[in-house]
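Now for the letters of each chain:
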Amino acid sequence: MFDLIIKGGTLPNGTINDIGIVGDRIAAIESLNGVAATTIIDATGDLVSPPFVDPHFHMDATLSYGIPRINGSGTLLEGIALWGELKQIVTIEDMIERGLKYCDWAASMGLLAIRSHVDVCDDRLLGAQAMLELREQVKDYIDLQLVAFPQDGFYRDPKAKANTLRALDMGIDIVGGIPHFERTMVDGTASVRELCEIAANRGLMIDLHCDETDDPHSRHVETLAAETIRCGLQGRAAGSHLTSMHSMDNYYVSKLLPLMAEAELAAIPNPLINITLQGRHDTFPKRRGLTRVKEMQSHGITVGWGQDCTLDPWYSLGTADMLDVAFMGLHVAQMTHPEEMQRCFTMITEDNAKILNLSDYGLKVGATASVVVLDAGNPIEAIRLRPDRLCVVSKGKVIAQKARNNSQLSLKNRPKDTHRRHNPSYGIAH
Ligand code: FE2
């Protein structure tokens, strides 16, 4: 007897199977014909996926677009300046309210684990307080990981170091930083070294905003990889953005990629943001600013697509849909081969879960029973359509459901076609 059975869905690897759930765990992935359950969801013809995971977000700033003004230049630096104005007027209650609204959006999209950077430069640590409270309020349906992020520079802001440590003492999970925003390259290098030592000493993960610039000489990722090895942080370290790698010399990168692989340093590009913020100082040709995704993957480096922003000082759009993120990433990184498109789906599910070190994630017996049913036939089609989430199950509970959208064409002399989907065979061996 199961609490919930999701019947007949197509899993991301192409197999068709039933999923039986007891409590908050997946208890069976096998044919369950005739088996009883309290609730049965028919997923015949639908994609059944593990939940989406976002490895890079700013929950303290989300849904604040236009407060107190918009980012007129569209640059990273004006965004940081604007956030500096906004954080003087926000309250803990504001941030929790906006965060809860965003988490509703996320849950409805099947996005059930989010790593959020939290600005810790303000002495009052309002963001840290708000996000710790939010993490508690959403824990039954969303896993929220928090990064202590010294937005104004670990050294550049004289109080940032003390406040970063205070935020970690309060229960923030992960060490953050922003070496390219320190006053000098030397300061940036020193910040990476000290932040890695803090992570190692506290047994924490580290995730730095790293080299988010078009400057090819911004090479803090090299230091991050070397310090990851020196401090024994392999598999627990990530570099977010890494946009300078877009502009680096190819010979230098040929040395850098094996070092990153040796360090098991994960990379988190944020394509919606990178494509809009980078290249702003260029005329033409205008750089795209996305890091070298396929090249990293060919070296065995884990790369996950992150969302970064939704309706905030840095980005004026956003939907909490990781399929939008994968769609943009696929285009900008030119990942158009069927295997690459399939990989883009894996990046927003399995690869991102690996970056977050989520235990018990995935479609396997014994894993947490978190599952998304999508109105698509396979992962590539999901990216193409960014379809409705027909059902979202989090930790064994159905938390969102949506009726299938069957539009009816009524054009004369046209065959009646109610199918939005056309399932070409992509020739991927499963
Ligand atoms: Fe960010």
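Keep in mind it's a predicted model, so treat the numbers as computed, not measured. (Residues numbered from 1 in each chain as written. Predicted model: local features only at pLDDT ≥ 70, side-chain atom pairs only at ≥ 80, totals over all residues. Heavy atoms only, no water.)

1. A short note on the domain arrangement of the chain
As far as domains go, the chain holds domain 1 (2-50 + 362-401) and domain 2 (52-355). Computed over C-alpha atoms, the centres of domain 1 and domain 2 are 30 Å apart. The largest per-residue losses of area from domain 1 upon contact with domain 2 belong to Ile383, Arg386 and Arg389, which jointly make up 36% of the total buried on that side. Run the count over domain 1 and domain 2 and you get three salt bridges. Close ionic contact of Lys395 with Asp143 constitutes a salt bridge, the shortest N to O distance being 2.8 Å. Contributing elements (two or more residues each) for the side of domain 1 that touches domain 2: strand S5 (47-49), strand S13 (371-374), helix H12 (379-385), strand S14 (389-394) and strand S15 (397-401). Counting residues per element, the side of domain 1 that touches domain 2 draws most heavily on H12, at five residues. When grouped by side-chain class, the residues that make up the side of domain 1 that touches domain 2 number 14 nonpolar, four polar and four charged. (Domains from an automatic or database assignment. Buried area = accessible area lost by both parts, 1.4 Å probe. Salt bridge = Lys/Arg side-chain N within 4 Å of Asp/Glu carboxyl O. Helix = DSSP H or I, 4+ residues; strand = E, 2+ residues; numbered from the N terminus. Nonpolar A, V, L, I, M, F, W, Y, C, P; charged D, E, K, R; others polar.)

2. A short note on the nonpolar core
If you look at the biggest cluster of nonpolar residues, it comprises 103 residues, and the most contacted ones within it are Met245, Met260 and Trp305. Discounting residues that sit within four places of it in the chain, Met245 has contacts with Val221, Val253, Leu256, Leu257, Met260, Thr291, Arg292 and Met296. Core analysis: the next-biggest nonpolar cluster, separate from the first, contains 17 residues, Leu11, Ile19, Leu363 and Leu390 among them. (Core = buried A, V, L, I, M, F, W, Y, C linked by side-chain atoms within 4.5 Å. Buried < 20%, exposed > 50% of the residue type's maximum accessible area, 1.4 Å probe, protein only. Contact = heavy atoms within 4.5 Å.)

3. Overview of the coordination of the iron ion
Looking at the metal site, the iron ion is ligated by His56 (NE2), His58 (NE2), His209 (NE2) and Asp308 (OD), spaced 2.1 to 2.5 Å from it. Considering all four donor atoms around the iron ion, angles at the metal cover 85 to 178° and the coordination shape is irregular. One chain supplies every donor for the iron ion, spaced along it as H-x1-H-x150-H-x98-D. Taken together, the residues His209 in strand S10 (residues 206-210) and Asp308 in the loop between helix H9 (293-298) and helix H10 (322-332) connect sequence positions 99 residues apart. (Donors = N, O, S within 2.8 Å, 3.2 Å for Na, K, Ca; no water. Tetrahedral: all angles 85-135°; square planar, octahedral: opposite > 155°, others 65-115°.)

4. A short note on helix H7 (residues 250-262)
Over its 13 residues, H7 runs 19 Å from end to end, which matches the ideal 18 Å to within 8%, given 1.5 Å per residue. For H7, the complete set of buried residues consists of Tyr252, Val253, Leu256, Leu257 and Met260. Of the surrounding secondary structure, the elements contacted by the buried residues of H7 are helix H6 (220-230) and H9. Two to three positions downstream of the cap, the backbone nitrogen of Tyr251 sits 3.1 Å from a side-chain oxygen, assigning the N-cap of H7 to Asp249. Following H7 by one or two positions, Glu264 adopts a phi angle in the positive range, close to 50°. (Expected span 1.5 Å × (residues − 1). Polar contact = N/O pair within 3.5 Å; in protein donor to acceptor, adjacent residues only side chain to side chain.)

5. Digging into the side chain of Ser64
Position of Ser64 relative to the elements: it lies in the loop between strand S6 (52-57) and helix H1 (76-86). On the basis of relative accessible area, Ser64 is assigned to the buried category, the value being 1%.

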